[in-house]
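Fold and geometry: a report
Each chain, written out:
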Amino acid sequence: MTDLRETSATSLAEQKERALIAWLRDRGSVLLGFSGGVDSAYLACLATEALGPDRVLAVIGRSASYPEEQWRTARDVAARFGLTVAEIDTDEMTDPRYVANPSNRCYFCKTELWSKLAPLARDRGLETIIDGTNADDIGGHRPGMQAAREQGVRSPLVEVGMTKRDVRERSRARGLPTWSQPSAPCLSSRLQYGLSVTAERLREVERAERALRDLGIGGDLRVRHHGDLARVELSPEMLSLWLSPIPLRMITAAIRAAGFARVAIDLRGFRSGSLNLLTEVTAA
Amino acid sequence: MNVENLERALAEIGLHGIVEVRGSLAVLRMDVDAGLADDELRFLAVDAAERNGFTHLALEVVDDAGRAALHRD
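This section reports on the structure supplied with the text. (Residues numbered from 1 in each chain as written. Chains lettered and ligands numbered in written order. Predicted model: local features only at pLDDT ≥ 70, side-chain atom pairs only at ≥ 80, totals over all residues. Heavy atoms only, no water.)

1. Some thoughts on the sheet that holds strand β1 (residues 18-22) of chain B
Note the following rule: Here a strand pair is declared whenever DSSP counts at least two bridges between the two strands. A run of H or I in DSSP counts as a helix once it spans at least four residues, and a run of E counts as a strand once it spans at least two, with each numbered from the N terminus. To obtain an axis, a line is fitted to C-alpha atoms, over the contacting stretch when the element is a helix, and the angle between two such axes runs from 0 to 180 degrees between their N-to-C directions. Contacts were defined at the residue level, with two residues in contact if any of their heavy atoms lie within 4.5 Å.
With mixed pairing, six strands are arranged side by side in an open sheet as β5(A)-β6(A)-β7(A)-β3(B)-β2(B)-β1(B). Looking along the sheet, the strands with just one partner apiece sit at the ends: β5 (221-226) of chain A together with β1 of chain B. This sheet shows a mean twist of 30° between the axes of neighbouring strands, independent of strand direction. Sheet topology note: the strand β2 (residues 25-30) of chain B/strand β3 (residues 56-61) of chain B ladder contains six bridges and is parallel. The residue of β3(B) that forms the bridge with B:A26 is B:L57. On the sheet, helix α9 (residues 199-214) of chain A packs against β5 and β6 (229-234) of chain A and is oriented at approximately 145° with respect to β5(A). On top of the sheet, helix α11 (residues 245-257) of chain A reaches β5, β6 and β7 (262-266) of chain A together with β3 of chain B; it is set at about 130° to β7(A), its chief contact.

2. Re the interface of chain B and chain A
What counts, and what does not: The term buried area denotes the loss of accessible surface (1.4 Å probe radius) that occurs when two parts are joined, taken as the sum for both partners. For salt bridges, the criterion is a side-chain nitrogen of Lys or Arg within 4 Å of an Asp or Glu carboxyl oxygen. We call Asp, Glu, Lys and Arg charged. Ala, Val, Leu, Ile, Met, Phe, Trp, Tyr, Cys and Pro are nonpolar, and the rest, Gly among them, are polar.
Taken together, the contact between chain B and chain A spans 21 residues of the former and 23 residues of the latter. Across the chain B/chain A interface, buried area totals approximately 1,900 Å², and carbon plus sulfur atoms make up 54% of it. Between the two partners, chain B and chain A, sit four salt bridges. A salt bridge links B:E60 to A:R262; the shortest N-O distance between them is 2.6 Å. For the side of chain B that touches chain A, the secondary-structure elements that each account for two or more residues are β1, β2, α2 (39-51) and β3 of chain B. Ranked by residue count, the leading element in the side of chain B that touches chain A is β3(B), at six residues. Residue composition of the side of chain B that touches chain A, grouped by class: nine nonpolar, three polar and nine charged. Relative to β3(B), β7(A) runs antiparallel, the two sharing two bridges.

So this is what it looks like as structure tokens:
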């Protein structure tokens, strides 16, 4: 029974992938915002296969909020799958509206990114700008998507109904190393709203999360920055392993070494959009 | 949100500590092994926090340096 269900799900994902290939071919050429995450890596590889490397440009927007490890993954995927890649620096850290870290912070970041990619697409003669938003991303508090729509960015994974599960399934089938990679939104998403975004705070988060990975903690993991306090979210199955006294001390020591004065472990564990709940942000 | 009720509810399940309120985040500060590796106890603690209006409950184990600050008059 389980096998039948899995076969059926795989078949559905394959159908959606065929629709996605047709969608891409209809566009002719695309410029993709490429982070090296699960969704954009899959989309970059599929677009390159469907259209050829001369008709696809995968652009990495680099700033202090973009994790170094993510950049390495993006470059690795690009090298292994023959993607055409460009890198640009984005300047959201000089925008006081972004630095103030309001609940619609992502709107200012994405506006900066897409406003730089639109002229690049025109210069290169690429017809459509796309991103890796998937069908699961619709709904919730997503001000970054509003910025994308305002700049005419299309989301083909959404348009053909591909969910995160579909993307992981097809990525695995295609041998992409990103298929099992945890979701990795930008580092600014770890800062409590209202706490200003600084390069030092972003580095503290990055160091802390890397230190926890180095301890051997797998699965979804976030270090939420609450000023002097780091609140660690682990996947529920990791909580029972790491809340024993000795592992707990190891976590505390690792986070303090990364620059935080205080460390607390969230007892419910990882929740996507956890900081939205904390400040009672509702869908716009 | 009611911090006194939360502290009382947590004490009833064996979690004796001080709760620090940061918006709807409750930080439970304890100076002993809380036993929260146990799934059932953790569920009860989170449930107590939510019943008292908090969206998040986090455990901070306080070491020697922070221990003095734990004891309220």
